[in-house]
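# Analysis of the macromolecular model
One letter stands for each residue in the lines below.
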Amino acid sequence: MSSDRSGGPADVVPGDDPTPERPDTGGHRRTWRRRDEPEKKSSLLRELPVLLLVAFVLALLVKTFLAQAFFIPSGSMEQTLHGCTGCTGDRVLVNKVPYWFGDPEPGDIVVFEGPDTWTPEVEVSEPSNWFTGGLLWLGRAVGVAPPSEDDYVKRVIAVGGQTVQCCDAEGRVTVDGEPLDEPYIYEDTPLESRAFGPVTVPEGRLWVMGDHRSASADSRSHVGDRYGGTVAVDDVIGKAALIVWPVSRFGTLDSPDIQGTEAAAAAGAVGQVLPLGAGLAGALPVAAWNRRRRLRRSPPG
């Protein structure tokens, strides 16, 4: 189709206009893509601070109530947890949920805030301004930064009310006179230097020791302080449950029955379940009889 210079229809060659256009409701031609792109960019810039704030709040809630990654600061838990000088330090996931419903048990690996009488196992330079402080906090939350000097990781050996001591005739630690089964011990101290106690752990406190007995400044090293070497249950951050880094060491962390109490606990649980089951078995026929009697008394319709 052709047109004259008076404004009639002109020939349209496909591909002449690289910008896609759509007619609006008024019949005019309008370019959409170029006008929408700045709007999308400005919308994203407005939303970004909100997204970052939401992410920060969620990270804070998870770190406070659920779980936290933790960088192993020293070799005191070798070889259960690697933190030795020159090796790739393990990153573990610390689960806080189990201690919502109960206290740490013997055999648990716990991360805790040490008493003020304990000497830090590592030295950490704290930041001097809020920005680097925030970065350090975030790094500790995801387990890529060293923990606070006040944070420790040890294994629970005895709990409140128990008496811990070393050693028996075979050089083993005992609790309430019974030797512990500790297959995880690595490089124990010489027999002549192992002796300590007896120490009765106060209620609400724990006796903790490192698996690398010859390189762990644990409860044994602080028997003479005002806490008798124990740490408060309330200062426990959580239970070390999983090695998440390096990938080659990925796996769960067990809580062995070092005091041989699981069989007794299982027997106690059975002792509680059997009476409950018997009670339910006796209650069901009575309930069925009551229901049948009500149906007979109710008028039809």
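Bear in mind the structure is a predicted one, so any value in this text is a computation, not a measurement.

### Let's talk about the nonpolar core
Counting 14 residues, the largest nonpolar core has Ile157, Val164, Val173, Phe196 and Trp207 as the members making the most contacts within it. With sequence-adjacent residues up to four places away left out, Phe196 is seen in contact with Val164, Gln165, Cys166, Val173, Trp207, Met209 and Arg220.

### Quick notes on the pattern of salt bridges
As enumerated under the stated definition, the model contains 9 salt bridges in all. Across the salt bridge formed by Asp211 and Arg155, the nearest N and O atoms sit 2.8 Å from each other. With Asp211 in the loop between strand E11 (205-209) and strand E12 (231-232) and Arg155 in strand E6 (residues 151-159), the pair connects residues that are 56 residues apart, well separated along the chain. Owing to a relative accessible area of 2%, Arg155 belongs among the buried residues under this scheme. Linked through salt bridges whose partners overlap, the residues forming this network are Asp168, Glu170 and Arg172.

### Digging into the packing of aromatic side chains
Per the stated rule, a full pass over the model turns up 5 aromatic pairs. The interplanar angle of 15° and the centroid separation of 5.7 Å between the aromatic rings of Phe112 and Tyr152 together place this pair among those described as stacked. Of this pair, Phe112 sits in strand E5 (residues 109-113) while Tyr152 sits in strand E6, and the two are 40 residues apart along the sequence. In this pair, the class of Phe112 matches that of Tyr152, namely buried. Here the aromatic rings of Phe196 and Trp207 are separated by 5.1 Å at their centres, their planes lie at 20°, and the arrangement is stacked. With Phe196 in strand E10 (residues 196-200) and Trp207 in strand E11, this residue pair connects regions lying 11 residues apart in the sequence. With relative accessibility at 8%, the residue Phe196 sits in the buried group. Among the residues examined, Trp207 registers a relative accessible area of 0% and is labelled buried. What links up through ring pairs into an aromatic cluster is the set Phe112, Trp118 and Tyr152. The residue whose ring lies beneath Arg155 is Tyr184, and the NZ or CZ to ring-centre distance is 3.8 Å.

### Topic: the environment of Val94
Structurally, Val94 is set in strand E4 (residues 91-95). Considering only alpha carbons, one finds Val94 and Leu242, 148 residues apart in sequence, at a separation of 7.4 Å.

### Considerations on unusual backbone geometry
At the junction of Glu78 and Gln79, the peptide bond is cis and its omega measures out at -5° in the coordinates. Along the chain, Gln79 falls in the loop between strand E3 (67-71) and E4. For the bond from Gly197 to Pro198, the omega torsion is 10°, close enough to zero to count as cis. Structurally, Pro198 can be placed in strand E10. Positioned with a positive phi, Asp176 is a non-glycine residue whose angle comes to about 55°. Tracing the backbone shows Asp176 in the loop between strand E8 (173-175) and strand E9 (178-179). Positive phi values are uncommon outside glycine, yet Glu187 reaches one of about 50°. Along the chain, the position of Glu187 falls in the loop between E9 and E10.

Conventions used here
- Residues numbered from 1 in each chain as written.
- Predicted model: local features only at pLDDT ≥ 70, side-chain atom pairs only at ≥ 80, totals over all residues.
- Heavy atoms only, no water.
- Core = buried A, V, L, I, M, F, W, Y, C linked by side-chain atoms within 4.5 Å.
- Buried < 20%, exposed > 50% of the residue type's maximum accessible area, 1.4 Å probe, protein only.
- Contact = heavy atoms within 4.5 Å.
- Salt bridge = Lys/Arg side-chain N within 4 Å of Asp/Glu carboxyl O.
- Helix = DSSP H or I, 4+ residues; strand = E, 2+ residues; numbered from the N terminus.
- Phe/Tyr/Trp six-rings, centres within 6.5 Å; stacked < 30°, edge-to-face > 60°.
- Lys NZ or Arg CZ within 6 Å of the ring centre and 35° of its normal.

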